[in-house]
Amino acid sequence: MVSRVIPVETFDLVIFGGTGDLARRKILPGLFRRFRVGQMPEEARIIAAARGDMDRAAFQAMVRDALIEFVEPEARSSEMIEGFLNHLDYASVDAMGESGWDTLRGKLRDGKIRAFYFSVAPSLFGAIAERLKTYGLANEDSRIVVEKPFGRDLESAKILNKGLAEYFDESQIYRIDHYLGKETVQNLMAVRFGNILFEPLWNAQYIDHVQITVAETVGVGGRGSYYDKSGAMRDMVQNHIMQLLCLTAMEPPARFEPDAVRDEKLKVIRALDPVTVQDVVRGQYQETSDLAGYLEDSENPDSNTESFVAMKLEIANWRWQGTPFYIRTGKRLRARMSEIVIRFREIPHSIFGADSGSKANELSIRLQPNEGMDLRVTIKEPGPGGMRLVDVPLDMTFAKVLGPDADDVPDAYERLIMDVIRGNQTLFMRGDEVEAAWAWTDPIISAWEEADKRPAPYDSGSSGPEEALALMHRDNRRWKEIRS
Ligand code: NAD
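Residues numbered from 1 in each chain as written. Predicted model: local features only at pLDDT ≥ 70, side-chain atom pairs only at ≥ 80, totals over all residues. Heavy atoms only, no water.

Asker: Would you mind going over the packing of helix α9 (residues 231-249) against helix α14 (residues 431-451) with me for this structure?
Answerer: In contact at an axis separation of 10 Å, α9 and α14 are set at 140° when each is read in the N-to-C sense. It follows from the interaxial angle that α9 and α14 lie oblique. At the point where α9 passes α14, the crossing takes the right-handed sense. When α9 is examined against α14, the residues M233, R234, V237, Q238, M242 and Q243 are found in contact with a partner set consisting of E433, V434, A437, W438, W440, T441, I444, I445, W448 and E449. Class assignment for the residues of the contact of α9 with α14 results in ten nonpolar, three polar and three charged. (Axes fitted to C-alpha atoms, helices over the stretch in contact; angles between N-to-C directions. Helix = DSSP H or I, 4+ residues; strand = E, 2+ residues; numbered from the N terminus. Parallel < 35°, antiparallel > 145°, perpendicular 65-115°, else oblique. Left-handed = near helix turned anticlockwise from the far one by under 90°. Contact = heavy atoms within 4.5 Å. Nonpolar A, V, L, I, M, F, W, Y, C, P; charged D, E, K, R; others polar.)

Spelled out as structure tokens, the structure:
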């Protein structure tokens, strides 16, 4: 199977914060990969706008180093890197001040697609949006891309939305949640809405429950003080997990178009029941003989911030009444694994007898590692000896079913940036979606803050606190094992 590269129109992409960590690790390597597969138009330009006096050559040297560090050796050659560097330019701009804006404007060409990527702290979003307009850099067709975190509660998200809306129409604003750019996440929609098999069963009558797990092995060391102000709820649940939940639970949109999809996602968020205290578990990883605990990593010995959260959620609508969604995410867990598991109900009656070994069907959608899906189905165990049943996977690991071309699948950032250039907002969050997600999250966080309780401790390399296991056990269910 050959993956197709669909050309995009030529563009000027300005990356505010183009010398920062995110740009060097994700954005520029992603653009390099699009260049490598021939998707970048010959005349496309990428201009980093950042603080710091640097000329074009120094910026190119910085990006050369970044590509060597962050792009796999087999996916780059020095010739290719030099070719890519030709597309780059640099402008020293002060986002909060007035210097550099005229120079930056001078680098932009008329008649080309213009996109401005805000890879900077959210406190700079409003100032940049304003200056893009006052210095005449942005026009009605220009797009702006904003990074997470989009606020830390409803109030701050509203302020950010308002700050952008003063200068840009919602149709020009691309709020990134890179989970939406993942191949498997889009495949979730393809599987649901491109097959007749699943949608008739995709409801409370046939689905017992849904599990969403985003497990990481890393701790917060290195960015501890930032994380300590956020925690797992703000860092993972409000955005990434909420998006996965929406795509799993939403009604079929009439078309695969931005507002049709986003309207349906928004309805899911609005249908979420408030979560009760007994349905939430917060955890914090503890020190072990060879690894620091959260308190040390966060450099805050009194921190009550959670590095783990598990919850049972109910979506109060016709489709999902009676089918809970269990979500969990945490740092320093046993393995790096992100997965959505759709657990179907047991068959109503086994003609083979209670001991035959029939199991409920299960569809797992793996975001990492080994992106793909597997559907567990029951078949007869081979050989004589009567009708004994076993469950086997129908394995759709992309690397297996798509062959070597699966490796050429763009990663989340590169796909999303190309969508910005194409002007397709389907995989970006709309302002009202973000606000609705905060409106649901805020009371949970406020209740924690009021209670001022220590999160439950858990060992590094475990599946999280015991209480999280109990959250499922009390409903006679169990989490799928965290493993890579
Ligand atoms: P960073 O500190 O490494 O880089 C910040 C960049 O912003 C630098 O290029 C700096 O020159 C520029 N900058 C700072 N103040 C400026 C000013 N006044 N005028 C012009 N330029 C200015 O930050 P980062 O890690 O690259 O993160 C950027 C944004 O992306 C943040 O909002 C962060 O939360 C978000 N983000 C980062 C990651 C990541 O992995 N690093 C992941 C997701 C989201």
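Asker: Can you walk me through the side chain of Q368 in this structure?
Answerer: Examined against the element boundaries, Q368 turns out to sit in strand β12 (residues 362-368). Reaching out from Q368, the side chain makes a polar contact with the side chain of R336 at a distance of 3.1 Å. For Q368, the residues in contact, after removing those within four places along its chain, are K182, R336, M337 and S338. (Polar contact = N/O pair within 3.5 Å; in protein donor to acceptor, adjacent residues only side chain to side chain.)

Asker: Please explain the pattern of salt bridges as it appears in this structure.
Answerer: If charged atoms from side chains of opposite charge come close, those side chains can pair. Using the criterion set out here, one finds 42 salt bridges in the structure. Ionic pairing is found between E306 and R282, a salt bridge with its closest N-O pair at 2.8 Å. Of this pair, E306 sits in the loop between α11 (294-297) and β9 (308-313) while R282 sits in strand β8 (residues 280-285); the two residues are 24 residues apart in sequence, bridging distant segments of the chain. When its relative accessible area of 14% is taken as the criterion, R282 is described as buried. When salt bridges that share partners are traced, they join R33, R34, E72, D411 and E414 into one network. (Salt bridge = Lys/Arg side-chain N within 4 Å of Asp/Glu carboxyl O. Buried < 20%, exposed > 50% of the residue type's maximum accessible area, 1.4 Å probe, protein only.)

Asker: Explain the packing of aromatic side chains to me, please; I cannot follow it from the model alone.
Answerer: Each aromatic ring pair is specified by the distance between its two centres and by the angle formed by the two planes. Here the structure, examined in full by the defined rule, presents 17 aromatic pairs. Centre to centre, the rings of F118 and F125 are 5.9 Å apart; their planes meet at 55°, and the pair counts as tilted. Neither F118 nor F125 differs from the other in exposure class; each is buried. Sitting over the face of the ring of F150, R175 holds its NZ or CZ atom 5.1 Å from the ring centroid. Taking NZ or CZ as reference, K182 lies 5.1 Å from the ring centre of Y179, over its face. (Phe/Tyr/Trp six-rings, centres within 6.5 Å; stacked < 30°, edge-to-face > 60°. Lys NZ or Arg CZ within 6 Å of the ring centre and 35° of its normal.)

Asker: Looking at this structure, I do not really get the nonpolar core. What am I missing?
Answerer: Considering soluble globular proteins, one finds that nonpolar side chains tend to be buried as a cluster. Counting 140 residues, the largest nonpolar core has F16, F118, L132 and M311 as its most contacted members. Counting residues per element, this core draws most heavily on α9, at eleven residues. Among the domains, domain 1 (11-147) and domain 2 (182-410 + 424-473) are the pair contributing at least three residues each to this core. Discounting residues that sit within four places of it in the chain, L132 has contacts with F16, W101, F116, F118, L137, A138, I144 and F168. (Core = buried A, V, L, I, M, F, W, Y, C linked by side-chain atoms within 4.5 Å. Domains from an automatic or database assignment.)

Asker: Please clarify how the site of the ligand should be interpreted in this entry.
Answerer: Around the ligand, the structure places 20 residues, and the nearest of them are T19, D21, L22, R25 and A95. Between an oxygen atom of the ligand and a main-chain N or O atom of G17, the distance comes to 3.5 Å. Within the contact set of the ligand, a nitrogen atom lies 3.5 Å away from a backbone nitrogen or oxygen of V93. In isolation the ligand exposes 830 Å². Once the protein is present, 74% of that is buried. Tallying contributions element by element places helix α1 (residues 21-36) first for the shell around the ligand, with three residues. (Near = heavy atom within 4 Å. Areas by Shrake-Rupley, 256 points an atom, 1.4 Å probe, with all protein chains shown as cover.)

Asker: How do you make sense of the sheet that holds strand β6 (residues 173-175) when you look at a structure like this?
Answerer: Within a beta sheet, neighbouring strands are joined by backbone hydrogen bonds and run either parallel or antiparallel to one another. Spatial strand order, β3-β2-β1-β4-β5-β6: six strands in an open sheet with parallel pairing. Edge strands, defined here as strands with exactly one partner in the open sheet, are β3 (88-92) and β6. Within this sheet the neighbouring strands show an average axis-to-axis angle of 20°, counted without direction. Of the pairings in the sheet, the one linking strand β1 (residues 11-16) to strand β4 (residues 113-118) comprises six bridges and is parallel in character. Residue pairing in the sheet places I15 in a bridge with Y117 of β4. Of the strands in this sheet, β1, β4, β5 (143-146) and β6 touch helix α13 (residues 412-422), which is tilted by about 140° from β4. (Pairing = 2+ DSSP bridges.)

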